[in-house]
Amino acid sequence: MEKIKKYKQEIGFHALLNVIVSFFISLSSYVHIPYGGVKGAFVYIIHFVVLQFTLFGFLYVYSLSKTFFRLTFPILFTILSALAFWVYTQDITVESSIIQAILETKFDIAVDTLSVPFGFYLISAFIVSLFLMKKFQKLKQNNIKSPLFIIAIIAILSYFIAENYRFGVLKRRLPYNSFVAVKKYLEKPKMQLITPKNNVSSDKKNLDIIFVLGESVRADHISINGYHRETTPLLSEQNNIVSFKNIFTPLTYTAISVPQILTNKSITDNSITSFYGLYSILNKADFHTEWIGNQSIEKSYEAIINTNKKVTIIDPFHSVLSFKKKKDLALLDQFNLNITDNKNRISTIHMIGSHWYYNNKYTKEFEKFTPVTNSKYVGALSEEQLINSYDNTILYLDYFINSLIEKLKTSSKETLLIYLSDHGEILGENGQWFHAQNNTASENPAMLVWYSESFKINNPEIVKNLLNNQYKKFSTDFLFHSILDISNIKGFEINKRQSIFSKF
Ligand SMILES: [Zn+2]
């Protein structure tokens, strides 16, 4: 009792500090989540309590160096509150692209975000932090001899235990994600791109390649591959489509699969770090190269994307984790069919696709399979709900690819559309869900090719090869070699055995 009395002031201060931090900052990561009933809500309350407990630990240790804490806390608190304001109001994702925008001052964005409520929030945060520091100054205790220090160490350890239990469970939320984002922003990419020699050329004329890079779509949930549900009704009606149902990749998350797909890195290359990028080679052969993306760019493939002559990211501050992410159809508004009259072209369209949380990836009219998920907590959902929601994303994909094909049909050029998902998805196999875990269910991504009438007329042998190869097993290595093969690239050696257009 005596002891408690002694530390009462200290406990009171840290309790108040944590309540204020949670309201101004950490709770923002929880307001957009669909809870779907008592069970889901309960799990997220526990989640929040654990997060705030670990944060107490870090805050306590931070406060041990008193002068440093007093001088830096108001600034740090105000900056984090600014990020939290955008999370509360727009569900932005705090990651390296945000840090880049802030540090490399994109003034238009800065001006856009200034508003009266934002200003009010920032000023309040700053005043509250000064008030806290005033209280802090009067504290008698607050040192490593305090029992609170031991609790703080336990709290910090809990952070690492939780992260070890499930990667990202805490660090994808405020305030942790802002520190992770700064670290990522400062990191150097592991992959180096080699500049191809100048003698690279192509004798192709009027070739348009549209490469659609999908997300988390598995081959066996596509009805043209024999899935029992009609998930691709529109594509089933299209001619000139060849679906490759035996594509394989062991790289089952975006940050590692995308750089492999877009370079000559093989799925089996682990030690080599320098590679040729697809677009660097096509640039040398005078192709028009452009990237239109609906995913915020990861450090691991940022350099590859930036080798495109034109890069458009339609919704840079919302990642797959955001509930306010733009739908993929907005990508097609940026796709202009007639930009290069005489040049060959490759346009890459990077979708958000079928990434969890599924319901957010399609609009209401694609909610054909019901009941859908109503909570983000998987434990509160049935297998049926999860698969229904997932299959609705495939219906949306069907509409998306079909709309693109209809647009491409109006061109007289030799046109190829290649769709490849970056990896598959686990849908309940071995009790697992989603991807980035060891499970073969996520290793078979969907892939299909559509070709225009003029392509068919001018390349009958290649069309024949495509049809002959469609059941063959390829790894995602095929993409790099196939695109360079069909582009008739000279001066750069490709592996013909990896080309879907080859005769075997
Ligand atoms: Zn992915």
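About the criteria used
Residues numbered from 1 in each chain as written. Predicted model: local features only at pLDDT ≥ 70, side-chain atom pairs only at ≥ 80, totals over all residues. Domains from an automatic or database assignment. Contact = placed C-beta atoms within 7 Å. Helix = DSSP H or I, 4+ residues; strand = E, 2+ residues; numbered from the N terminus. Buried ≥ 20, exposed ≤ 12 C-beta atoms within 10 Å, placed from the backbone. Pairing = 2+ DSSP bridges. Axes fitted to C-alpha atoms, helices over the stretch in contact; angles between N-to-C directions.

Caption draft 1: Region of the structure containing the domain arrangement of the protein chain. Domains assigned within the protein chain are domain 1 (2–186) and domain 2 (207–498). Using C-alpha coordinates to define each centre, domain 1 is positioned 38 Å away from domain 2. Taken together, the contact between domain 1 and domain 2 spans 20 residues of the former and 17 residues of the latter. For the side of domain 1 that touches domain 2, the secondary structure elements donating two or more residues are α2 (38–64) and α4 (96–103).

Caption draft 2: Quick peek at the environment of Gln 295. Residue position: Gln 295 is located in the loop between β7 (288–293) and α12 (299–305). Given 26 C-beta atoms within 10 Å, Gln 295 falls into the buried group. Spatially, the C-alpha atoms of Gln 295 and Asp 328 are 9.7 Å apart, while their sequence positions differ by 33 residues. For Gln 295, the contacting residues outside a window of four places in its chain are Val 320, His 350 and Ile 352.

Caption draft 3: Looking closely at the sheet that holds strand β13 (residues 447–451). In space, the 7 strands of this open sheet follow the order β4-β13-β10-β3-β9-β7-β8, with mixed pairing throughout. Edge positions in the sheet fall to β4 (241–243) and β8 (310–313), since each has one partner strand and no second. On average, adjacent strands in this sheet sit at an angle of 15 degrees to one another, irrespective of strand direction. Lying on the sheet, helix α14 (residues 383–408) is in contact with β3 (207–214), β10 (414–421) and β13; it crosses β10 at an angle near 165 degrees.

Caption draft 4: Structural context of the environment of Asn 344. Within the secondary structure layout, Asn 344 lies in the loop between α13 (329–333) and β9 (345–350). Considering only alpha carbons, one finds Asn 344 and Glu 383, 39 residues apart in sequence, at a separation of 46 Å. In this view, Asn 344 contacts Ser 202, Lys 204, Leu 207, Phe 287 and Ser 487; residues no more than four positions away in its chain are not counted.

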